[in-house]
Amino acid sequence: MADAETDPAQLIATMAAEARAAATTLARLPTETKRQGLHAAAAAIRAQADAILAANASDMARAETAGLSGALLDRLRLDPARLAAVADAVAVVAMLDDPVGQVIDARTRPNGLVLSRVRVPIGVIGIVYESRPNVTADAAALCVMSGNAAILRGGSEALASNRALHAAFVAGLEQGGLPRTAVQLVPTADRAAVGAMLAAAGLIDLIVPRGGKGLVARVQAEARVPVLAHLDGINHVYVHASADPAMAEAVVIDAKMRRTGVCGAMETLLIDRDFPRAAELVEALAATGCTVRGDAGVQALATVDPAAPADWDTEYLDAIASVALVEGVDGALAHIARHGSHHTDAIVAEDVAIAERFLAEADSAIVLWNASTQFADGGEFGLGAEIGIATGRLHARGPVALEGLTTYKWIGRGTGQVRG
């Protein structure tokens, strides 16, 4: 590990060189070796649970004193159940299908040349994240299983937690026969280290930011390295006129209130003007303790706060929801196109044709029918874990897991063919 006192650019350059060597090793390891290393890492996290939870408690105390928001505190907090889930997620990733070496497609040309596209690791991946210490383990596990080396830079608010988790993880990797430098944690909270990572073109192959809008915007603005990210999670649930009222209420309340601080939380509820139980739905949401900010139509139905224009473009990450009445599926799709962030949007409807149209036309990375937006999670998709949710249109979209951390190369097998 490079010295924490080194100039940030030199620090990242040294770490990247170590990561490149580890990535070269990882890329040629058999699947079973990677699995053994990850199972050992999961076991080490469980074995060091007391130390990790103590480190997290110290982070929580500092964060509360610093006045971090409830949403950030929730993301930072570890308890025995959450830590057990972190270890379990590492073990689950270990048992997923290894994407490295998978043949995407193959063809034989008329001249007999056999061409195939084969999945290969990306190389060195930098992950810049805030608050969530579970990202330390999730990102590390996904990178290792996909044959990539990881350079992790967590937020200063989770420094002790991340260090404890990283120490356990790499101890397990070494025990399992994998290089310790396959997963490195930037040892300094100096923000200049983030800038050095973003400028490390040729040293780091991909940057993945996980955090608030300010962090992601900075990464996207400054990076000289390709970025895989989403900026906002302005997610919508549209309740169509045909929706079953009980289902609509259950989906809406879960989408907003299950965990308000996650990127898959609903921020805006769109209710069809012809939905017969609109007032009851709004009142049920408010009864959970959610502050409702409604347009004029909603204000006429229930006692709510008036919505300001900025509300439709706000990711609250809190127990607040903006609510609007819309004219059918056309109105819902138009609102989402104007205010959405291409993250996750859902429809509640019994009308199959309407639902299929919404699924086809809502331009989001994840589109759901009769299900909560809180399913926007790699684990819930059967991916074991995720390194982030990508909302762009290139390379990967939605929860980014093992396949999203690979690229491909063409392999040609000939028998002496020449073009002449």
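For the structure itself, consult the block above.
This write-up is about the structure you can find in this document. (Residues numbered from 1 in each chain as written. Predicted model: local features only at pLDDT ≥ 70, side-chain atom pairs only at ≥ 80, totals over all residues. Heavy atoms only, no water.)

Notes on the packing of aromatic side chains
- Inspection of every chain in the model, using the stated rule, returns 1 aromatic pair.
- Seen from their ring centres, Tyr238 and Phe358 are 6.2 Å apart, and the 25° between their planes marks the pair as stacked. Here Phe358 lies in helix H14 (residues 352-361) and Tyr238 lies in strand S7 (residues 235-239), a separation of 120 residues in the sequence. With respect to class, Tyr238 is no different from Phe358; both count as buried. (Phe/Tyr/Trp six-rings, centres within 6.5 Å; stacked < 30°, edge-to-face > 60°. Helix = DSSP H or I, 4+ residues; strand = E, 2+ residues; numbered from the N terminus. Buried < 20%, exposed > 50% of the residue type's maximum accessible area, 1.4 Å probe, protein only.)

A short note on the environment of Glu222
- Along the polypeptide, Glu222 turns up in helix H9 (residues 213-222).
- Sequence-wise, Glu222 and Leu198 are 24 residues apart; in three dimensions their C-alpha atoms are separated by 6.5 Å.

Focus on the sheet that holds S7
- One open sheet holds the 7 strands; their spatial order is S10-S9-S11-S8-S7-S12-S13, and the pairing between them is parallel. Every other strand in the sheet has two partners, leaving strand S10 (305-306) and strand S13 (366-369) as the edge strands with one partner each.
- Here S7 runs beside strand S8 (residues 266-272); their pairing, made up of 5 bridges, is parallel. Each residue of the ladder has a partner; that of Tyr238, found in S8, is Leu270. (Pairing = 2+ DSSP bridges.)

Some words on unusual backbone geometry
- One non-glycine residue with positive phi stands out, namely His342, at about 65°.
- For His342, the location among the structural elements is in the loop between helix H13 (328-339) and strand S12 (344-348).
- Assessed through its relative accessible area of 29%, His342 is described here as partly exposed.
- Of note in this structure, Asn370 is not a glycine but carries a positive phi near 55°.
- Structurally, Asn370 is set in the loop between S13 and strand S14 (388-390).

Quick notes on H13
- With 12 residues, H13 extends 17 Å between its outermost C-alpha atoms, agreeing within 8% with the 16 Å of an ideal straight helix rising 1.5 Å per residue.
- Residues Val329, Ala332, Leu333, His335, Ile336 and His339 constitute the buried set of H13. Buried residues of H13, viewed axially, fall in a sector of 160°; they line one side. Among the exposed residues of H13, those pointing more than 90 degrees away from its buried face are Ala337 and Arg338. (Expected span 1.5 Å × (residues − 1). Arc of directions from axis to C-beta.)

Details of helix H2 (residues 31-47)
- Taking 1.5 Å of rise per residue, 17 residues should cover 24 Å, and H2 covers 24 Å from first to last C-alpha, within 8% of that figure.
- Those residues of H2 hidden inside the fold are in contact with helix H1 (8-27), helix H3 (49-66), helix H5 (80-94), helix H6 (134-145) and helix H7 (159-175). (Contact = heavy atoms within 4.5 Å.)

Re the sheet that holds strand S3 (residues 124-129)
- On the basis of which strands lie adjacent, the open sheet formed by 4 strands has the order S5-S4-S3-S6 and parallel pairing. Of all strands in the sheet, those with a lone pairing partner are strand S5 (183-185) and strand S6 (206-210), marking the two edges. The average angle at which neighbouring strand axes cross in this sheet is 20°, direction not considered.
- Bridge count for S3 against strand S4 (residues 149-153) is 5 bridges, and the pairing is parallel. Within the sheet, the bridge partner assigned to Ile125 lies in S4 and is Ala150.
- The strands that H6 touches are S3, S4, S5 and S6; relative to S3, the one it contacts most, it runs at about 165°.
- Along the sheet face, H7 touches S3 and S5 and points at about 155° away from the line of S5. (Axes fitted to C-alpha atoms, helices over the stretch in contact; angles between N-to-C directions.)

Brief notes about the environment of Phe375
- One can find Phe375 in the loop between S13 and S14.
- Residue classification places Phe375 among the partly exposed residues on the basis of a relative accessible area of 38%.
- Sequence separation between Phe375 and Thr344 is 31 residues, and the spatial gap between their C-alpha atoms is 9.2 Å.
- Leaving out residues up to four positions away in the same chain, Phe375 has contacts with Glu380 and Phe381.

Topic: the nonpolar core
- Counting 80 residues, the largest nonpolar core has Leu38, Ile45, Ile127, Phe169 and Ile387 as the members making the most contacts within it.
- Examining the composition of this core, we find that 9 residues originate from one element, H6, more than from any other.
- Other than its neighbours up to four places away in sequence, Leu38 contacts Val90, Val93, Ala94, Ala141, Val144, Met145, Phe169 and Leu173.
- Counting residues in each nonpolar core, the second largest holds 31 residues, with Val252, Val298, Ala302 and Ile366 among its members. (Core = buried A, V, L, I, M, F, W, Y, C linked by side-chain atoms within 4.5 Å.)

Quick word on the side chain of Thr373
- Tracing the sequence through the fold places Thr373 in the loop between S13 and S14.
- Among the residues examined, Thr373 registers a relative accessible area of 0% and is labelled buried.
- Looking at Thr373, its side chain comes within polar contact range of the main-chain nitrogen of Met266, at 3.4 Å.
- Excluding its chain neighbours within four sequence positions, the residues that come into contact with Thr373 are His236, Val237, Ala255, Gly264, Ala265, Met266, Thr344, Ala346 and Leu368. (Polar contact = N/O pair within 3.5 Å; in protein donor to acceptor, adjacent residues only side chain to side chain.)

Let's talk about the pairing of S13
- Only one face of S13 is covered, namely the one carrying Ile366 and Leu368; the face carrying Val367 and Trp369 has none of its residues buried.
- Handedness of the β-α-β unit built from S12, H14 and S13 comes out right-handed. (Right-handed = clockwise from strand over helix to strand, strands pointing away.)

A look at the side chain of Thr268
- The topology assignment puts Thr268 in strand S8.
- Taking the relative accessible area as the measure of exposure, Thr268 reaches 0% and is therefore buried.
- Of note is the side chain of Thr268, whose polar atom sits 2.8 Å from the side chain of Ser322.
- In this structure Thr268 touches Asn235, His236, Val237, Trp312, Ser322 and His335, once residues within four positions along its chain are discounted.

Re the pattern of salt bridges
- On inspection of all chains with the given rule, the structure shows 21 salt bridges.
- One salt bridge connects Asp59 with Arg62, and the closest N-O pair in it is separated by 2.4 Å. With Asp59 and Arg62 both in helix H3 and 3 residues apart, the pair spans about one turn of that helix.
- For Asp59, a relative accessible area of 0% translates into the label buried.
- The class of Arg62 is partly exposed, set by a relative accessible area of 46%.
- For the salt bridge of Arg277 with Glu280, the shortest nitrogen-to-oxygen distance reads 3.5 Å.
- Look at Arg277 and you get partly exposed, because its relative accessible area is 38%.
- Residue class for Glu280 comes out partly exposed when judged on its relative accessible area of 36%. (Salt bridge = Lys/Arg side-chain N within 4 Å of Asp/Glu carboxyl O.)

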